[in-house]
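Results of the structural survey
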Amino acid sequence: MSVLVLILAVSAACCVGFGFVLQQNAAKDAPLSDFLSPRILLDLMRVPRWLGGIALMMAGMILGAVALGDGEISLVEPLLATNLLFALALSRHQTKQSLGRQGWAGLALLAGGVTAFIVAGQPHGGHAVTDPVRHWLIIGAMVGLALLLTTYAKRSRLSKGPVLLALAAGVLYGVQDALTRISGQRFSAGGLTEVFTGWQPYGVLVLGVTGLILVQSAFETAPLRMSLPALTAAQPLAGILCGVGFLGDRLRTDTGALAWEAVGLAAVVVGIVLLGLHPAMPRGTAQPEPRRDLQPH
């Protein structure tokens, strides 16, 4: 594994993790009438803390894009999932809550799972699938799943809604990472002209804005511990599926390797859930309240 890719991916995870905490700190005070509306972004733009969180997330996305340009998505995605460690670190600083057994167990499972998956799978590049039908089938299935999750989230609103929205956003972010990698490959092949003559960068933009609306709606209606684990778990799984499905990523497929890859991914998901449910994660607005005006933090 390239040391540069490792540094870039972990740095991206750090920025994204810190950014999510700052965003949720602000989004929990957003008017509930903004739920699943683009207006939530306009309202939150008046809050300095939220803008700081977005700036960190954008920095993380740029670092992640560079990492995706130099490494396979099946390698980078598990590393990006460590953003939860950094989110927990900032939340722990804010709440003064100790890690305890749950925190240490989650940390060990997440770190160990990422290591097991990478060591066992040995992700490496191959020949990308050129058949556009396969691209659209996988991407269409992902977007369809996100749409289905969002529809159910809108119905359940404040019960299961935040978790479903976070899952939908994670799926979209995984597809966004795949399209980011393709855009980077097009840039390497022909510069900006080659990039913007394809549909992928516009797909990255649409998926990014849509995912952002879903995430902020989840953040405003529930504690971070309800939404961030689902978001963090869904993104790498969706990204790896896209990587193997049409980007040409290759993983070892012998019985022992597959078993350890499955164990590693399972440990990552369980670790994410344990860390996301940790008491140090900040609370949000979990019950309906009258419309409030946002105040800068």
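Now for a quick tour of the structure. (Residues numbered from 1 in each chain as written. Predicted model: local features only at pLDDT ≥ 70, side-chain atom pairs only at ≥ 80, totals over all residues. Heavy atoms only, no water.)

Considering the packing of helix α3 (residues 48–70) against helix α8 (residues 161–196)
The interhelical angle for the contact between α3 and α8, taken along N-to-C directions, is 60 degrees, at an axis separation of 9 Å. Of the possible angle classes, the one that applies to α3 and α8 is oblique. Remark: the crossing between α3 and α8 carries right-handed chirality. The residues of α8 that touch α3, namely those facing Met 61, Ala 65, Leu 68 and Gly 69, are Gln 176, Asp 177, Thr 180 and Arg 181. Here the residues of the contact of α3 with α8 sort into 3 nonpolar, 3 polar and 2 charged. (Axes fitted to C-alpha atoms, helices over the stretch in contact; angles between N-to-C directions. Helix = DSSP H or I, 4+ residues; strand = E, 2+ residues; numbered from the N terminus. Parallel < 35°, antiparallel > 145°, perpendicular 65-115°, else oblique. Left-handed = near helix turned anticlockwise from the far one by under 90°. Contact = heavy atoms within 4.5 Å. Nonpolar A, V, L, I, M, F, W, Y, C, P; charged D, E, K, R; others polar.)

Side note on the packing of aromatic side chains
All told, the structure shown has 4 aromatic pairs when counted by the stated rule. Centre to centre, the rings of Phe 18 and Phe 86 are 6.2 Å apart; their planes meet at 90 degrees, and the pair counts as edge-to-face. Here the residue Phe 18 occupies a position in helix α1 (residues 3–27), and Phe 86 occupies one in helix α5 (residues 83–95), the gap between them amounting to 68 residues. Among the residues examined, Phe 18 registers a relative accessible area of 28% and is labelled partly exposed. Overall, the relative accessible area of 22% leaves Phe 86 in the partly exposed class. Their ring planes at 25 degrees and their centres at 4.6 Å tell us that Trp 136 and Trp 199 sit as a pair that is stacked. Here Trp 136, found in helix α7 (residues 132–156), pairs with Trp 199, found in the loop between α8 and α9 (200–221); they are 63 residues apart in sequence, far enough to count as distant. Against the face of Tyr 152 rests Arg 155, its NZ or CZ located 5.6 Å from the ring centre. (Phe/Tyr/Trp six-rings, centres within 6.5 Å; stacked < 30°, edge-to-face > 60°. Buried < 20%, exposed > 50% of the residue type's maximum accessible area, 1.4 Å probe, protein only. Lys NZ or Arg CZ within 6 Å of the ring centre and 35° of its normal.)

Section: the layout of surface pockets
Space inside the largest pocket adds up to approximately 870 Å³. Around the largest pocket, the lining comprises 38 residues; the ones closest to its centre are Met 61, Ile 62, Gln 176, Thr 180 and Val 204. Elements with a minimum of two residues in the lining of the largest pocket: α1, α3, α8 and α9. Examining the composition of the lining of the largest pocket, we find that 12 residues originate from one element, α3, more than from any other. When its residues are assigned to classes, the lining of the largest pocket shows 26 nonpolar, 10 polar and 2 charged. In this structure, the second largest pocket occupies an estimated 170 Å³ of space. Contributing to the lining of the second largest pocket are Leu 36, Val 143, Ala 146, Leu 147, Thr 150, Leu 172, Leu 207, Thr 210, Ile 213 and Leu 214. Elements with a minimum of two residues in the lining of the second largest pocket: α7 and α9. (1 Å grid on protein atoms, 1.4 Å probe; cavity = no way out; pocket = protein on both sides within 12 Å on 5 of 7 lines; lining within 4 Å. Points joined across faces, edges and corners; volume = space filled by probe spheres on them.)

Quick look at empty space enclosed by the protein
Inspection of every chain in the model, using the stated rule, returns 1 cavity of 30 Å³ or more. Volume-wise, the largest cavity comes out at about 50 Å³. If you trace the largest cavity, you find it lined by Pro 78, Ala 233, Pro 236, Leu 237, Ile 240, Leu 265, Val 268 and Val 269. Sorting the residues of the lining of the largest cavity by element identifies α10 (224–246) and α11 (255–276) as the ones contributing at least two each. In terms of residue count, α10 provides more of the lining of the largest cavity than any other element does, 4 residues in total. For the lining of the largest cavity, the class distribution of residues is 8 nonpolar, no polar and no charged.

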